[in-house]
Amino acid sequence: MGMAAEAQYHVLAVDDSLLDRKLIERLLKTSSYHVTAVDSGSKALEFLGLLEDEHNDVLAPSVSLNDHHQDVDVNLIITDYCMPGMTGYDLLRKIKESKSLKDIPVVIMSSENIPSRINRCLEEGAEEFFLKPVQLSDVNKLKPHLLKGRDKESEPSINKRKGMEECHSHDKTRTKYDGLEVV
Amino acid sequence: MDVVVQLQRQLADHTASLFHEGFLNEQFNQLQQLQDESNPDFVVEVVSLFFEDSERLLNELAKALEQQAVDYKKVDAHVHQLKGSSSSIGAQRVQGVCIPFRNFCEEQNIEGCLKCLQQVKHEYSLVKNKLETLFKLEQQLIAAGGSFPTL
């Protein structure tokens with residue numbers, strides 16, 4: 001037997017909506033992934049073994065982060081963008097700033113098609129940006145990112161913009177920005 | 001097994017009308033595809049979450065819009081959540097009302113918001129009714145010894 005039994009990949013899903021968590025979990029399990037679902041960015045970091053000071057400012061250097069050796073093996077993180085407290089973007093940044101976690105591929109999900117938001121996430125190192133509702137065809141796109149694993153060299157972020165965007169603000173870029181809006 | 005055939009036809013007709021009249025869209029099909037023998041209640045569970053979410057959010061919206069000084073950011077946040085849940089299960093008409101609703105929030109237009117609240121409540125109760133009928137028909141079909149979906 002040349003090929004060993006297909007390893008089960010472990011995906012960490014982050015979403016504050018119970019409904020969406022249930023949905024993404026089912027989508028991932030249908031694709032034979034082992035899933036852990038949490039409802040916030042801070043719970044995600046806790047799970048990943050990255051403890052932090054509660055008042056850790058996004059703007060401050062991440063020296064206060066305690067890089068624990070990863071106890072859990074996570075092959076991919078898929079997170080909602082709009083979450084109270086820590087947004088998906090904030091979570092993405094923390095992960096990319098962590099020595100132990102930066103090579104884990106991160107995918108962002110959002111119900112809003114905002115080009116500047118999408119670009120910002122991709123520039124920060126997200127592998128993919130899925131528009132909600134996420135479908136099986138999206139989940140099928142995850143495999144190559146999982147297989148690449150540690151071989152992928154993380155590109156230096158070009159424009160590291162601060163994640164100050166509020167999710168529920170009156171986002172002016174939403175109206176007729178690039179004609180890409182598909183609400 | 002006349003009863004089974006009859007129920008299957010009823011179920012098929014009811015489901016078709018839900019799509020035809022725009023209450024549900026393709027996303028609902030996606031949910032059904034995710035249901036199988038190991039997760040036989042997936043659709044009912046997810047839709048139940050939608051019902052819970054919606055009822056909570058509609059209450060919150062009514063309260064928020066009753067305030068002397070309306071917090072439009074809060075209202076918008078609730079509508080955003082409602083839009084998300086409805087889109088996750090394919091409740092197209094509910095989702096549709098959320099769009100102008102958010103625009104009215106942006107404009108801080110109280111009348112527009114109140115009108116949208118009425119509309120979204122109406123659409124929600126319609127789709128809830130129809131989904132409950134759908135589930136009841138499915139249960140009857142199973143009880144009669146039949147199975148679904150016969151897509």
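No experiment lies behind these values; they were computed from the predicted model shown.

What counts, and where the lines are drawn
- Residues numbered from 1 in each chain as written.
- Chains lettered and ligands numbered in written order.
- Predicted model: local features only at pLDDT ≥ 70, side-chain atom pairs only at ≥ 80, totals over all residues.
- Heavy atoms only, no water.
- UniProt positions renumbered as here; feature names shortened; annotations may be inferred.
- Helix = DSSP H or I, 4+ residues; strand = E, 2+ residues; numbered from the N terminus.
- Contact = heavy atoms within 4.5 Å.
- Buried area = accessible area lost by both parts, 1.4 Å probe.
- Salt bridge = Lys/Arg side-chain N within 4 Å of Asp/Glu carboxyl O.
- Polar contact = N/O pair within 3.5 Å; in protein donor to acceptor, adjacent residues only side chain to side chain.
- Nonpolar A, V, L, I, M, F, W, Y, C, P; charged D, E, K, R; others polar.
- Phe/Tyr/Trp six-rings, centres within 6.5 Å; stacked < 30°, edge-to-face > 60°.
- Buried < 20%, exposed > 50% of the residue type's maximum accessible area, 1.4 Å probe, protein only.
- Lys NZ or Arg CZ within 6 Å of the ring centre and 35° of its normal.
- Axes fitted to C-alpha atoms, helices over the stretch in contact; angles between N-to-C directions.
- Parallel < 35°, antiparallel > 145°, perpendicular 65-115°, else oblique.
- Left-handed = near helix turned anticlockwise from the far one by under 90°.

1. Some words on the UniProt feature "domain: HPt" (unreviewed entry) in chain B
Thinking step 1. The positions that UniProt labels "domain: HPt" (unreviewed entry) are, in the present scheme, residues 39-144 of chain B.
Thinking step 2. Its end C-alpha atoms 21 Å apart, residues 39-144 of chain B is made of 88% helix and 0% strand.

2. Points about the interface of chain A and chain B
Thinking step 1. On the chain B side, the residues contacting the 23 residues of chain A number 26 residues.
Thinking step 2. Of the roughly 2,300 Å² buried where chain A meets chain B, counting both sides, 57% is carbon and sulfur surface.
Thinking step 3. The interface formed by chain A and chain B holds 3 salt bridges in total.
Thinking step 4. Arg102(B) is the partner of Glu112(A) in a salt bridge, and the nearest nitrogen-oxygen pair spans 2.9 Å.
Thinking step 5. The interface formed by chain A and chain B contains 6 residue pairs in polar contact (both at pLDDT 80 or more).
Thinking step 6. Ranked by residue count, the leading element in the side of chain A that touches chain B is helix 1 (residues 18-30) of chain A, at 8 residues.
Thinking step 7. Classifying every residue of the side of chain A that touches chain B by side-chain character gives 10 nonpolar, 6 polar and 7 charged.

3. Let's talk about the packing of aromatic side chains
All names here are of chain B.
Thinking step 1. In this structure the tally under the stated criterion is 5 aromatic pairs over all chains.
Thinking step 2. Relative to Tyr124, the ring of Phe51 has its centre 6.2 Å away and its plane inclined at 80°; by these criteria the two rings are edge-to-face. One end of the pair, Phe51, is in helix 3 (residues 42-66); the other, Tyr124, is in helix 6 (residues 110-143), and 73 residues separate them in sequence. As far as the burial class goes, Phe51 and Tyr124 line up, both buried.
Thinking step 3. Three or more aromatic residues joined by ring pairs form one cluster here, namely Phe50, Phe51 and Tyr124.
Thinking step 4. For the cation-ring pair, Arg93 lies above Phe23, with the distance from its terminal atom to the ring centre recorded as 3.9 Å.

4. So, the packing of helix 1 (residues 2-20) of chain B against helix 6 of chain B
Each pair of packed helices can be summarised by the angle the axes make with each other and by the distance between the axes.
Residue and element names in this part refer to chain B.
Thinking step 1. Look at helix 1 against helix 6: their axes get within 9 Å of each other, and the N-to-C directions meet at 160°. By the angle between their directions, the pair helix 1 and helix 6 is classed as roughly antiparallel. Pair helix 1 / helix 6 crosses with left-handed handedness. Where helix 1 approaches helix 6, its residues Val4, Leu7, Gln8, Gln10, Leu11, His14, Thr15 and Leu18 are matched on the opposing element by Lys130, Thr133, Leu134, Leu137, Glu138, Gln140 and Leu141.
Thinking step 2. Across the contact of helix 1 with helix 6, the residue classes tally to 7 nonpolar, 6 polar and 2 charged.

5. Here we look at the UniProt feature "modified residue: 4-aspartylphosphate" (unreviewed entry) in chain A
Residues and elements named next belong to chain A.
Thinking step 1. The feature "modified residue: 4-aspartylphosphate" (unreviewed entry), as given by UniProt, occupies Asp80 in the numbering adopted here.
Thinking step 2. Judged by its relative accessible area of 5%, Asp80 is buried.
Thinking step 3. Setting aside residues up to four positions removed in sequence, Asp80 forms contacts with Val14, Asp15, Asp16, Gly88, Met109, Ser110 and Lys132.

6. Re helix 4 (residues 115-123) of chain A
Residues and elements named next belong to chain A.
Thinking step 1. Those residues of helix 4 that sit buried are Pro115, Ser116, Arg117, Ile118, Arg120 and Cys121.
Thinking step 2. Packing partners of the buried residues in helix 4 comprise helix 3 (88-97), strand 6 (106-110) and strand 7 (128-131).
Thinking step 3. Once helix 4 finishes, Gly125 follows within two positions and takes phi at roughly 115°, a positive value.

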